[in-house]
Amino acid sequence: MSSRQGKLNKSAEHSANGRNGKAHSKTSEFTILEQVSETKPQPRRRRQASPKDAKPPRRPLYQKWWAWGIVGLGLGAGGIAIAGRDALVAIDKDLPDMKDVLTYTRAGSLTLKSSDGTVLQQIGSATRQKVAITQMPPRLPEAFIASEDQGFYGHKGVDYVAIARASLANVMSGQVKEGGSTITQQLSRIVFLDQERSLGRKVREALLAQKMEEELDKKQILEQYLNLVYLGSGAYGVADAAWIFFSKPVDKLTLGEMALIAGMAPAPSAYSPLVNLEFAQERRNVVLKRMIDVGFISEAEGNAAIATPIKLKPGALRNATSPVPYFTSYVQQQLPRLISKDELEVGGLTVETTLNLKWQKQAQAVVKNAIAYYGGAEGFEQASLVSVDPRNGEIKALVGGDDFGKSQFNRATQAQRQPGSTFKAFVYATAIAAGFSPYRGYIDAKYVVDGYEPRNYGKNYRGSVSMKDALTSSINIVAVKTLVDVGFDPVVKMAQRMGIKSKLLPAYSLALGSSEVNLLELTSAYGTLANKGNHIEVHGVTRILNRFGKVIYQADYKPKRAIDADSAAIMTWMLQGVVQGGTGGAAALGDRAVAGKTGTSEKRRDLWFVGYIPQLVTGVWMGNDDSSPTYGASSTAAATWYDFMSKLTADIPVEEFPDLPDNLDYRDGTIKAQPVRPGRVFASTNSGPSGDDGSGEGSSRSWSDSNSSYSNDSYSGGSESSGSSQVDTAPEPAPEPEPTVAEPAPASAAAEPEPAAAEPLPETVAEPPLPEPISEPPPVVVPAEPVAPLPEAPPSP
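Here the structure is a predicted model, which means the values were calculated and not measured.

Caption draft 1: Layout of unusual backbone geometry. Phi angles above zero are rare outside glycine, and Lys 459 is one such case at about 55°. For Lys 459, the position within the fold is in the loop between strand S7 (447-449) and strand S8 (463-466). Phi at Ser 627 takes a positive value of approximately 60°, unusual for a residue other than glycine. Position of Ser 627 relative to the elements: it lies in the loop between strand S15 (616-623) and helix H23 (634-645).

So, in structure tokens, the structure goes:
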């Protein structure tokens, strides 16, 4: 029997004795042995311990608290890892395009440029001058690398060794003595981040730096950093610092000066030589020693530079003031109309303007000359000039006065003054567009309409004259009669379509320029005629870029038809007569075609000339800010126009005005006249002195009122006899709601009168209590000797 069987036997025997006593022991033994032999093999049974030896059963692992704790920690760590990974992936996807670094401009700044890219003015925290790294002396970037990031060419955006070294140094010293940020990280912070101190910002900074290293090369990163890093005293970038501290360009800096500039980067306010020269010198020496340590310079070079004292020569901020202040201030005032408030508040804007800087300097010199040479004798203290390209509406020159430092009031854009006879161009343009012939005849004689009596300069009458001759000689009475024939509303609408934005009062004196306008809008409106009847909104801005170089505004002004091309050509031809043989003779440019009109308000308070060639329209105003009378004449404004335009002709090819239409006398109008119905009219046919009331021999006069019968003829084409009485007695009205493009009418319909309107005419505004504009006085003789030009302002450094 095996040992196993023996043990089973003894166990069975012991059990049997305990239950049945000694009498049954033998029988039990044989029974158990038989059972064992019959049930081979028997599965192993666990020995049941006695109650004294029993231990509590072992609990499963899932019932252990610490097991669940471990699982929780693991899951938490895994979740954090997954969340962190997802966050980094999300941040990485959200990182900006690194190409923005190459075009970045600091927030809060504003840079204004002329049409050729010249910087006119920089406001705020702007880099005044950027320099390519190839134009810098090699020791300058080396000084920054030695001072700020000695491992620049070895790391991929983040230098972990430098971070550990800086952390240890700061802990050992008990204060922040070193920084671990690389040049790439610093550039990332400048361009994309703020100065917040947080773990999140540091992580984003590191990710930005790594992405920057992937997308840009080391040369691009270093160049942008050197042009954007703040170096104190308003200097952003090494070129600005070289000028502000030493008044020299970067290629003229000494080794010691380069080291001093590089040493200011960590703390510009503390290390600025203008703030603390001793600290600046100590910091410079630290940089020089580091340059020796990394092998950029020899020990001898470094020691020589250390021994050299600092020689400061502070210079003013470049481009901080504008050489063309009237124009740049005008542009700044326009910005809220062009871009959003948020973009303005963020700043970092680059504004590209329409200004031709060469022409602008010429305009400024001409205005100063005119005031200095003519102003004293003729009693005016101010002048302004605007020049616009009529083909696109771009302002090419704008001068609002002689001295922006003394007065920031812009007389080209803000001064509302009576335009005098320059407004007659809109009256006659409306008549021509309505089909009136330029040869239409009028009687220049005493004329009183609803109590308003226009007077000519010199108190003389010319008798029978055509519209063309009346414009050439600037005859007031004929201009008012033409206004009555064509109507207030068509004239106002025509002037507005051509570019006048100021409010125009529908009064008889409107024909003589009683409603105030400014020089810019008046010049723009004349440009409509130069542009063959198409008006383009006048403007001074072409593009605006945000701080990342993205275009947020692009000028896109479309031409709008204000007057038909044939009428514009006729008006240009009529205005050429003003220059060739009328009051604008001083503006003649030799063999070059010029059209324009003079203007003078009552008591010569305002002297005007607005004229144009096909490619450029220029307006000139002269007068006093307090509207006090002058002793001058509009011919002085024309002479000033000539002084400016004659200097520009070398830049502008000769071009002719459009040809006239074949038939000037019988044309269909493109708008409809709406003749005024006066309440009472006196019209004399006597062309004697204006003091003659027409009652003498050879004179006639006609009184009419609202109960009288008039001729209802509403002229739509052809010429009119110079002695026709219907001109001197205003016709019945035929009003339209607004000027509309008329369908060509059959020839037989031209003679038919317009039917009277069913609705009542709008009330005529009573004449404003303004002095009556006068006709043009005889031209002032301009001295033959040339006016010496004022020296040009020195270019900004």
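From this point on, the discussion continues.
Caption draft 2: Structural view of the packing of helix H4 (residues 139-148) against helix H12 (residues 277-293). Close contact between H4 and H12 brings their axes to 9 Å; oriented N to C, the two are set at 95°. With respect to H12, the element H4 is oriented roughly perpendicular. In this structure, H4 contributes Arg 139, Glu 142, Ala 143, Ala 146, Ser 147 and Glu 148 to the contact, and H12 contributes Arg 283, Val 287, Arg 290 and Met 291. Class assignment for the residues of the contact of H4 with H12 results in four nonpolar, one polar and five charged.

Caption draft 3: Broad picture of the environment of Thr 472. Within the secondary structure, Thr 472 is located in helix H18 (residues 467-472). Assessed through its relative accessible area of 10%, Thr 472 is described here as buried. Separated by 109 residues in the primary sequence, Thr 472 and Gly 581 place their C-alpha atoms 7.2 Å from one another. When near neighbours in sequence (up to four residues on either side) are disregarded, Thr 472 contacts Met 574, Gly 577, Val 578, Gly 581, Gly 582 and Thr 583.

Caption draft 4: Region of the structure containing the pairing of strand S5 (residues 394-399). Within S5, six of the six residues are buried, which leaves the element mostly enclosed by the surrounding structure. As judged from the five bridges shared by strand S4 (residues 382-389) and S5, these two strands associate in the antiparallel manner. Residue pairing in the sheet places Ser 387 in a bridge with Ala 397 of S5. Hairpin geometry of S4 and S5 is characterised by an intervening segment of four residues between the two adjacent antiparallel strands and by a positive phi of about 80° at Gly 393.

Caption draft 5: Structural detail: the packing of aromatic side chains. Evaluation of the coordinates by the stated rule reveals 14 aromatic pairs. Ring geometry for Tyr 326 versus Phe 404: centroids 5.0 Å apart, planes at 90°, classification edge-to-face. Taken together, the residues span a long stretch of sequence, with Tyr 326 in helix H14 (residues 325-338) and Phe 404 in the loop between S5 and helix H17 (424-433) at a distance of 78 residues. Plain terms: the ring middles of Tyr 439 and Trp 573 are 6.0 Å apart, the flat faces sit at 75° to each other, and that makes the pair edge-to-face.

Caption draft 6: Fine view of the sheet that holds strand S2 (residues 119-123). The sheet built from five strands is open, its strands ordered S2-S1-S3-S10-S11 with mixed pairing. The open sheet has two edge strands, S2 and strand S11 (551-554), and neither has a second partner. Mean inter-strand twist for the sheet, computed between neighbouring axes without regard to direction, equals 15°. As paired elements, strand S10 (residues 541-545) and S11 share three bridges and run antiparallel to each other. Along S11, the bridge assignment pairs Arg 543 with Gln 554.

Caption draft 7: Inspection of the environment of Ser 421 at higher detail. In this fold, Ser 421 is placed in the loop between S5 and H17. Given the relative accessible area of 1%, Ser 421 is considered buried. Residues Ser 421 and Leu 607, 186 residues apart in the sequence, show an inter-C-alpha distance of 10.0 Å. Within the local environment of Ser 421, its side chain forms a polar contact with the side chain of Ser 474, the two groups lying 3.0 Å apart.

Caption draft 8: Representation of helix H22 (residues 565-581) within the structure. Given a rise of 1.5 Å per residue, 17 residues ought to cover 24 Å, and the 24 Å separating the end C-alpha atoms of H22 matches this to within 8%. Of all 17 residues in H22, 12 are buried, a share of seventy percent or more. Contacts made by the buried residues of H22 are with H17, H18, helix H21 (519-530), strand S13 (595-600) and strand S14 (606-613).

Caption draft 9: Layout of the nonpolar core. Counting 95 residues, the largest nonpolar core has Phe 426, Tyr 428, Tyr 526, Ile 544, Met 571, Leu 575 and Tyr 612 as its most contacted members. Of the residues forming this core, the biggest block, eight residues, is contributed by H17. Sequence-distant contacts of Tyr 526, defined by excluding residues within four places in its chain, comprise Thr 422, Ala 425, Phe 426, Leu 575, Lys 597, Val 610, Tyr 612 and Val 617. Membership of the second largest hydrophobic core comes to 56 residues, among which are Leu 95, Ile 183, Val 229 and Ile 261.

Caption draft 10: Broad picture of the pattern of salt bridges. According to the stated counting rule, one finds 23 salt bridges in the structure shown. Between Arg 189 and Glu 205 there is a salt bridge whose closest N-O contact spans 3.1 Å. With Arg 189 in helix H6 (residues 183-192) and Glu 205 in helix H7 (residues 199-215), this residue pair connects regions lying 16 residues apart in the sequence. Pair check on accessibility: Arg 189 and Glu 205 agree, each one buried. Taken together, the shared-partner salt bridges connect Arg 139, Glu 142 and Glu 301 into one network.

Caption draft 11: Seen up close, the sheet that holds S4. Read across the sheet, five strands follow the order S5-S4-S15-S14-S13 without closing on themselves; strand pairing throughout is antiparallel. The open sheet terminates on both sides in strands that have one partner only, identified here as S5 and S13. Taking the axes of each pair of neighbouring strands and ignoring which way they run, one obtains an average angle of 10° across the sheet. Sitting on the sheet, H21 touches S4, S5, S13, S14 and S15, and the angle it makes with S14 is about 30°. Across the sheet, H22 touches S13 and S14, and the angle it forms with S13 is around 60°.

Caption draft 12: View of a nonpolar patch on the surface. Taken together, the side chains of Leu 274, Val 275, Leu 277 and Leu 312 make up a nonpolar region of the molecular surface, amounting to roughly 320 Å² of accessible area. With respect to the helices and strands, the residue Leu 312 is situated in the loop between helix H13 (299-307) and H14. Among the residues examined, Leu 312 registers a relative accessible area of 31% and is labelled partly exposed.

Caption draft 13: Structural view of helix H8 (residues 218-228). Within H8, eight of the 11 residues are buried, leaving the element largely enclosed by the surrounding structure. Taken residue by residue, H8 has Lys 218, Ile 221, Leu 222, Gln 224, Tyr 225, Leu 226, Asn 227 and Leu 228 as its buried positions. With a side-chain oxygen positioned 3.1 Å from the backbone nitrogen of Lys 219, the residue opening H8 is Asp 217.

Basis of the calculations
- Residues numbered from 1 in each chain as written.
- Predicted model: local features only at pLDDT ≥ 70, side-chain atom pairs only at ≥ 80, totals over all residues.
- Heavy atoms only, no water.
- Helix = DSSP H or I, 4+ residues; strand = E, 2+ residues; numbered from the N terminus.
- Axes fitted to C-alpha atoms, helices over the stretch in contact; angles between N-to-C directions.
- Parallel < 35°, antiparallel > 145°, perpendicular 65-115°, else oblique.
- Contact = heavy atoms within 4.5 Å.
- Nonpolar A, V, L, I, M, F, W, Y, C, P; charged D, E, K, R; others polar.
- Buried < 20%, exposed > 50% of the residue type's maximum accessible area, 1.4 Å probe, protein only.
- Pairing = 2+ DSSP bridges.
- Phe/Tyr/Trp six-rings, centres within 6.5 Å; stacked < 30°, edge-to-face > 60°.
- Polar contact = N/O pair within 3.5 Å; in protein donor to acceptor, adjacent residues only side chain to side chain.
- Expected span 1.5 Å × (residues − 1).
- Core = buried A, V, L, I, M, F, W, Y, C linked by side-chain atoms within 4.5 Å.
- Salt bridge = Lys/Arg side-chain N within 4 Å of Asp/Glu carboxyl O.
- Patch = residues over 30% accessible without salt bridge, like charges linked within 9 Å, V, L, I, M, F, W, Y side chains within 5 Å.
- Areas by Shrake-Rupley, 256 points an atom, 1.4 Å probe, with all protein chains shown as cover.

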